[in-house]
Amino acid sequence: MSTKSINFMLNKIDMDRMPKHVAIIMDGNGRWAKKRLLPRTAGHREGVERVKEIVEEAGNLGIPYLTLFAFSTENWGRPKDEVDTLMKLLVEYLKKELNTLHENNVKINILGNLDKLPPTPRKEVYNAVEKTKYNSKMNLNIALNYGGRYEIVNGIKLLVNDVKSGNINLDDIDEDLFKNYLFTKDQPDPDLLIRPSGEKRISNFLLYQIAYTEFIFTDVYWPEFTTEEFYKSIIEFQSRKRRFGGI
Ligand code: FPP
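Residues numbered from 1 in each chain as written. Predicted model: local features only at pLDDT ≥ 70, side-chain atom pairs only at ≥ 80, totals over all residues. Heavy atoms only, no water.

**Considering the layout of surface pockets**
Put simply, the largest pocket is a space of about 740 Å³. If you list the elements that add at least two residues to the lining of the largest pocket, you get helix H2 (29–35), helix H3 (40–61), strand S2 (65–72), helix H4 (80–103) and strand S4 (138–146). Space inside the second largest pocket adds up to approximately 340 Å³. What lines the second largest pocket is a set of 20 residues, among which Ile 108, Asn 109, Ile 110, Val 129 and Phe 183 lie closest to the centre. Of all the elements, strand S3 (residues 106–111) adds the most residues to the lining of the second largest pocket, at 4 residues. (1 Å grid on protein atoms, 1.4 Å probe; cavity = no way out; pocket = protein on both sides within 12 Å on 5 of 7 lines; lining within 4 Å. Points joined across faces, edges and corners; volume = space filled by probe spheres on them. Helix = DSSP H or I, 4+ residues; strand = E, 2+ residues; numbered from the N terminus.)

As structure tokens, this is what we get:
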């Protein structure tokens, strides 16, 4: 896409009504590769290029929270070489991009249980989180070994512990307090959730947080989800009327 048409689309975006939190289910890497007679892992590799592009673009647009679904609790069931490649791509991404992300004041947060991750990706992830923990321009949440139901059940366990130890009274528990027990603690709920690839389901993503989120389902595969597609989604989001249950 030419710079001229990118600028044309950018002009349609209202910078004062930017979503604060955008969540993306990065789907369709395998189908993108299949269409080109390439191995599935080539699709994941191209998917990482879009990760770089969209993270940078979200920063340019001043979106303070971006959540990317990188690996679900169900993804362990994929063939070993595909799981290994996904872990390798994550490590490569962090190794290559960490300094740039840090210079750009991006804070990396992980949503999910890291215990099950192999030692190398676990170490890289902890290092990235540690290095960027005081950054404040943008939060990049990477959902890794993440499941929405797991997150809620895990939150309940933590909350019950706090009740048992007397830190919280049963009467103090409400919807907002419970948010403190989720991986997205202290973060606003997503305003916009995007799922490429033509699938129209949530697949166990951010179940508690998406109560009033706007959904955009688009047919392009994640490796095709370029800046232009991202702008289109933001423009579509800004055309929606959000009522939060009111009239
Ligand atoms: C879904 O496509 C995608 C994934 C399971 C992995 C997404 C991961 C990346 C883009 C790379 C690693 C992430 C980071 C943050 C560096 P699919 O394989 O389910 O596609 P299909 O439905 O077409 O088979």
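**Quick look at helix H6 (residues 148–164)**
Here H6 contains 17 residues, and its C-alpha end-to-end distance of 24 Å stays within 8% of the 24 Å for a straight helix at 1.5 Å per residue. Of all the positions in H6, only Gly 148, Glu 151, Asn 154, Gly 155 and Leu 159 are classed as buried. Taken end-on, H6 shows its buried residues confined to a sector of 140 degrees, consistent with a single buried face. Along H6, exposed side chains directed more than 90 degrees from the buried face belong to Arg 149, Lys 157 and Lys 164. The inward-facing, buried residues of H6 abut S4 and helix H7 (175–179). One or two residues past the end of H6 sits Gly 166, with phi positive at roughly 85 degrees. (Expected span 1.5 Å × (residues − 1). Buried < 20%, exposed > 50% of the residue type's maximum accessible area, 1.4 Å probe, protein only. Arc of directions from axis to C-beta. Contact = heavy atoms within 4.5 Å.)

**Some remarks on the site of the ligand**
With respect to spatial proximity, 16 residues lie near the ligand, and among them Met 26, Gly 30, Arg 31, Arg 40 and Arg 78 are the closest. A distance of 3.1 Å is found between an oxygen atom of the ligand and a side-chain nitrogen or oxygen belonging to Asp 27. Taking Gly 30, its main chain carries an N or O atom lying 3.0 Å from an oxygen atom of the ligand. Considering the ligand on its own, with 630 Å² of exposed area, one finds that the protein chains cover 92% of that surface. Judged by the proximity of its atoms to the pocket grid, the ligand belongs to the largest pocket. Listing elements by their share of the shell around the ligand, those giving two or more residues are H2, H3 and H4. (Near = heavy atom within 4 Å. Polar contact = N/O pair within 3.5 Å; in protein donor to acceptor, adjacent residues only side chain to side chain. Areas by Shrake-Rupley, 256 points an atom, 1.4 Å probe, with all protein chains shown as cover. Sits in = over half its atoms within 2 Å of the grid points.)

**A short note on a negative patch on the surface**
Residues Asp 171, Asp 172, Asp 174 and Glu 175 make up a contiguous surface patch of negative charge. Within the fold, Asp 171 resides in the loop between H6 and H7. (Patch = residues over 30% accessible without salt bridge, like charges linked within 9 Å, V, L, I, M, F, W, Y side chains within 5 Å. Salt bridge = Lys/Arg side-chain N within 4 Å of Asp/Glu carboxyl O. Lys, Arg positive; Asp, Glu negative; His and termini not counted. Charge placed at Lys NZ, Arg CZ, Asp CG, Glu CD.)

**Examining the confidence of the model for the protein**
Looking at the protein as a whole, the pLDDT averages 97, with 100% of positions reaching at least 70. Mean pLDDT in the protein bottoms out at helix H1 (residues 3–12), which sits at 90, and peaks at strand S1 (residues 21–25), which reaches 99. (pLDDT = per-residue confidence, 0-100.)

**Comments concerning the packing of H4 against helix H5 (residues 119–131)**
The interhelical angle for the contact between H4 and H5, taken along N-to-C directions, is 20 degrees, at an axis separation of 9 Å. As summarised for this structure, H4 and H5 are arranged roughly parallel, according to the angle between their axes. You can see that H4 and H5 cross each other, and the crossing is left-handed. For the pair H4 and H5, contact is made by Met 87, Leu 90, Val 91, Leu 94, Lys 95, Leu 98, Asn 99 and His 102 and by Thr 120, Pro 121, Glu 124, Val 125, Asn 127, Ala 128 and Lys 131, respectively. (Axes fitted to C-alpha atoms, helices over the stretch in contact; angles between N-to-C directions. Parallel < 35°, antiparallel > 145°, perpendicular 65-115°, else oblique. Left-handed = near helix turned anticlockwise from the far one by under 90°.)

**Some words on the pattern of salt bridges**
According to the stated counting rule, one finds 24 salt bridges in the structure shown. One salt bridge in this structure joins Arg 36 and Glu 224, with 3.8 Å as the shortest N-O distance. Linking Arg 36 in the loop between H2 and H3 with Glu 224 in the loop between strand S6 (214–217) and helix H8 (227–239), this pair joins segments that are 188 residues apart in sequence. Judged by relative accessible area, Glu 224 falls into the partly exposed class, the value being 22%. Note that Lys 80 is salt-bridged to Asp 84, the shortest N-O span being 2.7 Å. With Lys 80 and Asp 84 both in helix H4, this residue pair falls 4 residues apart, about one helical turn. Where salt bridges share partners, they join Asp 27, Arg 31, Arg 195, Glu 199 and Arg 201 into one cluster.

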